[in-house]
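Here is how the chains run, residue by residue.
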2 protein chains.
Amino acid sequence: MVQFVRVGYQPLKEFCQAVFEKHGLSPHDAEISTDVLLAADLRGIPSHGIARMQRYVNGLKSGLMRPNAEIETVMESATSLVLDAHGAMGAPVSVRAMNAVIDKARTSGAAFACVRDSNHFGIAGYYAIMAMRQDMIGLTMTNTALLGVPTFARKALFGTNPIAFAAPAEKEKGFVLDMATTVVTRGKIEVYSRLGKELPEGWAVDKTGRSAKDPTSLLEDMVNRAGGGILPLGGLGEMFGGHKGYGLAIMVDILCAVLCGAPFGAAIADMPTTSGRVSHFFGAMRIDAFRDPAEFKRDMDRLLYSLRTAEPAEGQERVYYAGLKEWEKEEINRQAGLPMVMQTYNQLDTIGREVGLHVPPVIGTGEGELPE
Amino acid sequence: MVQFVRVGYQPLKEFCQAVFEKHGLSPHDAEISTDVLLAADLRGIPSHGIARMQRYVNGLKSGLMRPNAEIETVMESATSLVLDAHGAMGAPVSVRAMNAVIDKARTSGAAFACVRDSNHFGIAGYYAIMAMRQDMIGLTMTNTALLGVPTFARKALFGTNPIAFAAPAEKEKGFVLDMATTVVTRGKIEVYSRLGKELPEGWAVDKTGRSAKDPTSLLEDMVNRAGGGILPLGGLGEMFGGHKGYGLAIMVDILCAVLCGAPFGAAIADMPTTSGRVSHFFGAMRIDAFRDPAEFKRDMDRLLYSLRTAEPAEGQERVYYAGLKEWEKEEINRQAGLPMVMQTYNQLDTIGREVGLHVPPVIGTGEGELPE
């Protein structure tokens, strides 16, 4: 349980946009970067939201994120696109790539894009949802900084490498899966370190490749590249399917990076104060190339309804489907304001002062689970 | 550790083909069905190989598998295809669908197919590898009989719903991920039941939705639809990412079934002696729509080499990449003969006698791990 404050969505949006513009982004790019960033806070994924603002500002100041980078089209066909972002902000080039993919899919039925030499693009689900809103199936992946250890190994060789997949429904909220292919992300390890808690077996291995218990020494070893790291989805060894999560993480690296000649695996690392350059993959598939979208969405309703009304296990209150919790949080947060820990609010205050802007006022406080 | 016998690949192939032909398959369909079935044994996945022959024969005898079904093209475009198998054998219609997808991708860059009202199609990886051999990225999914329990629920609402993904390399064996989206499959639970072993926490839940310990009562409850079942990849609850595996399983049902109007979730169940009708999804993406395939494969070599030569964890001997174990087993089994437990061999003997055929001789014996 943590204390948090709430800041109104609209004022925070204006503040963010202004900060981005002060740091050299065009109004258009500032707006998109803000929209993607705050979508994470709205949907209850604060690790990818406004808490990242400091790292974004650091990236812009250091030149790792280049607001005026010229996006280069490396390869293009009716169903494919490769963009080189040359270090541009992640969100605007990703929106551009996904819009191109949607346009191509409208003509061709399906299309895919790789974006290389890009930066942190926020939540993967944002782009998959763009396709979903056009009666398409949407797919997004990105590789990320080194963090995950292959099954039976002791050193990190891939990132959290998330996959997002979205498919529309009619009455139900859409199905939006947005998942790291590692068991947890670094933030979870940091929380356990702050709380002085022992890590559960199946989250991470230490530098010998055995189950890691101490989160603090693990984080040190990871920073120093001494070994150790987070386990793929499925955990330690093969007993619970760790080799499957490992395979999914490598699949993401293949589609994001190998497919367009970008760095992968150990070649990607975060800087001390900002994120490293990464590559993304986007896809869209028109539903009406297979079936009447209205019928598809009616069946999606049946499927999603059957899941969310399934009888809960003893001790549980509800069964969800992918994306449902996030849609519900979005409704709350849009009204009540975006929740953030005080540390994030104070950072925003400092970020604002540096460029002559005022952070918007706190409109509420609360206490509860605010995922890292 | 189990005792097993080995039977020569070529004689077993001829036997299988002859059995299928005796049960009404055309020589062409018998050859494909055999090739897919034995590919599983070659690659060390005996659960999907010749051990299934009895269930296939039962399916053909009962009319659930229809050797003369007319395959119907329901929908078709330059990048999409929907086939209704009308109960045909799974392998031949799947090979046909994947070949169509590869042809379409050759022209359009990428293409996808759904096959509905089909039967068990063997290992998903077989079809993804077909695309890989054409310098394409291959994707295969299938839904399967009811078995998996959503996170926080107590009754099964999806199958093992596997995903296969294949990408070619030059010197390295290709990357072939072929994974159930559940932690384990029913076979593992059956093995624990035979051995009288307690199930590890994170594999399954009982009919109350709590961690299942007793494999025998779990299997009974599953057969009687009393509740309980296998957990999605990531295990129990959300602590280890069970909601992610759950999301992947539903994604598979959406692409295989909802996208083409086929039954999904609880509507799919195995019969006592054979498998229920299922739906599949196939995809192929031409690598040269993104990048020179030779360069792609060189980078794949770098990636896969870095993985298999990674320093192993203490107590481990090797690090693998997806598909590597299977390629190595294929080399051994092609020479030494296909391994099978004596029970399977005796079944083949009976199956052969019924149609006037002789099961091929045992050419070797061994002892070791033969996955279920």
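Residues numbered from 1 in each chain as written. Chains lettered and ligands numbered in written order. Predicted model: local features only at pLDDT ≥ 70, side-chain atom pairs only at ≥ 80, totals over all residues.

## Section: the overall build of chain A
Then step 1. If you tally the helices and strands in chain A, you get eleven helices and twelve strands.
Then step 2. Taking 2.2 N^0.38 as the reference for a compact globule, 372 residues should give roughly 21 Å; the C-alpha atoms of chain A span a radius of gyration of 20 Å, in line with that estimate.
Then step 3. Overall, the C-alpha framework of chain A stretches about 55 × 55 × 45 Å when taken along its three principal axes.
Then step 4. Partitioning the intrachain contacts of chain A with sequence separation of at least 6 by distance along the chain shows that 67% fall at a separation of at least 24. (Helix = DSSP H or I, 4+ residues; strand = E, 2+ residues; numbered from the N terminus. Rg over C-alpha atoms; globule rule 2.2 N^0.38 Å. Contact = placed C-beta atoms within 7 Å.)

## What about the nonpolar core?
Then step 1. Formed by 262 residues in total, the largest nonpolar core has its most connected members in Val101, Ala128 and Phe175 of chain A together with Val101, Ala128 and Phe175 of chain B.
Then step 2. Beyond its immediate stretch of four places on either side in the chain, Ala128 of chain A contacts Gly138, Leu139, Thr140, Ala164, Phe165, Ala166 and Val176 of chain A. (Core = buried A, V, L, I, M, F, W, Y, C linked by C-beta atoms within 7 Å. Buried ≥ 20, exposed ≤ 12 C-beta atoms within 10 Å, placed from the backbone.)

## Digging into the domain arrangement of chain A
How big an interface is tends to be expressed through the accessible area that disappears when the partners come together.
Then step 1. According to the domain assignment, chain A contains domain 1 (2-62 + 337-368), domain 2 (67-182 + 238-308) and domain 3 (184-230).
Then step 2. For domain 1 of chain A versus domain 3 of chain A, the distance between C-alpha centres works out to 29 Å. (Domains from an automatic or database assignment.)

## A closer look at the interface of chain B and chain A
Then step 1. With 69 residues of chain B in contact, the opposing surface of chain A contributes 70 residues.
Then step 2. Within the residue set of the side of chain B that touches chain A, elements represented by two or more residues are strand E3 (80-84), strand E4 (110-118), strand E6 (163-167), strand E7 (175-179), helix H8 (242-256) and helix H9 (293-308) of chain B.
Then step 3. A total of seven residues in the side of chain B that touches chain A trace back to one element, the largest contributor, which is H9 of chain B.
Then step 4. Per-class residue counts for the side of chain B that touches chain A are 42 nonpolar, 16 polar and eleven charged. (Nonpolar A, V, L, I, M, F, W, Y, C, P; charged D, E, K, R; others polar.)

## With respect to the relation of the copies chain B and chain A
Then step 1. Relative to chain A, chain B is turned by 180° and slid 0.0 Å along the rotation axis, the superposed coordinates differing by an RMSD of 0.0 Å. Taken together, these values place the two copies in the relation of a two-fold axis. Looking at the rotation axis and the C-alpha trace of chain B, the residue lying nearest is Gly234 of chain B, at 2.4 Å. (Least-squares fit on C-alpha atoms with pLDDT ≥ 70 in both.)

## Here's the deal with the packing of helix H6 (residues 186-195) of chain A against helix H7 (residues 215-223) of chain A
Residues and elements named next belong to chain A.
Then step 1. For the pair H6 and H7, interaxial distance at closest approach is 8 Å and the crossing angle is 130°. It follows from the interaxial angle that H6 and H7 lie oblique. Seen from H6, the contacting residues are Ile189, Glu190, Tyr192 and Ser193; seen from H7, they are Pro215, Thr216, Leu218 and Leu219.
Then step 2. The class makeup of the residues in the contact of H6 with H7 is five nonpolar, two polar and one charged. (Axes fitted to C-alpha atoms, helices over the stretch in contact; angles between N-to-C directions. Parallel < 35°, antiparallel > 145°, perpendicular 65-115°, else oblique.)

## Focus: the packing of helix H3 (residues 53-62) of chain B against helix H11 (residues 342-354) of chain B
All names here are of chain B.
Then step 1. Running from N to C, H3 and H11 point in directions that differ by 30°, and their axes come no closer than 10 Å. Between H3 and H11, the angle is such that the two are roughly parallel. Together, Met53, Gln54 and Val57 of H3 and Gln347, Leu348 and Ile351 of H11 make up the contact between the two elements.

## Digging into the pairing of strand E1 (residues 2-7) of chain B
Residues and elements named next belong to chain B.
Then step 1. Relative to strand E12 (residues 362-368), E1 is paired through six bridges, and the arrangement is antiparallel. Bridge pairing links Val7 to Val362 in E12.
Then step 2. When E1 meets strand E11 (residues 338-340), the two strands line up antiparallel, connected through three bridges. Considered in E11, the bridge of Val5 is made with Met340. (Pairing = 2+ DSSP bridges.)

## Let's talk about the sheet that holds strand E1 (residues 2-7) of chain A
All names here are of chain A.
Then step 1. Taken together, the three strands give an open sheet; going across it, the order is E11-E1-E12, and neighbouring strands pair in antiparallel fashion. The sheet terminates laterally at strand E11 (338-340) and strand E12 (362-368), the two strands that pair on one side only. With direction set aside, neighbouring strand axes in the sheet form an average angle of 30°.
Then step 2. Lying on the sheet, helix H11 (residues 342-354) is in contact with E1, E11 and E12; it crosses E1 at an angle near 40°.

## Some details on helix H5 (residues 125-132) of chain A
Residue and element names in this part refer to chain A.
Then step 1. Among the eight residues in H5, eight count as buried, and that is most of the element.
Then step 2. What H5 keeps buried is the set Gly125, Tyr126, Tyr127, Ala128, Ile129, Met130, Ala131 and Met132.
Then step 3. Each element contacted by the buried residues of H5 is listed here: helix H2 (27-42), helix H4 (90-108), strand E5 (136-142), strand E6 (163-167), strand E7 (175-179) and strand E10 (278-286).

## Quick look at the environment of Gly229 of chain A
Residue and element names in this part refer to chain A.
Then step 1. Here Gly229 lies in strand E9 (residues 229-230).
Then step 2. Note on Gly229: 29 C-beta atoms within 10 Å, which makes it buried.
Then step 3. Here the alpha-carbon distance between Gly229 and Ser33, two residues 196 residues apart in the chain, equals 30 Å.
Then step 4. Every residue in contact with Gly229, bar those within four places of it in the chain, is listed here: Leu147, Gly148, Val149, Ala156, Ala204, Val205 and Met222.

## Some remarks on the pairing of E3 of chain B
All names here are of chain B.
Then step 1. Of all five residues making up E3, five are buried, and the element is well covered by its neighbours.
Then step 2. Of the two faces of E3, the one lined by Ser80, Val82 and Asp84 and the one lined by Leu81 and Leu83 are each fully buried.
Then step 3. Counted along the chain from strand E2 (residues 72-76) to the antiparallel partner E3, the turn is three residues long.
Then step 4. Note: E3 against E4, five bridges, orientation parallel. By the bridge assignment for E4, Leu81 is matched with Ala113.

## Section: the environment of Pro46 of chain A
Residue and element names in this part refer to chain A.
Then step 1. Relative to the helices and strands, Pro46 resides in the loop between H2 and helix H3 (53-62).
Then step 2. Taking the C-beta count within 10 Å as the criterion, Pro46 has 23 such neighbours and is therefore assigned buried.
Then step 3. Residues Pro46 and Val341, 295 residues apart in the sequence, show an inter-C-alpha distance of 9.5 Å.

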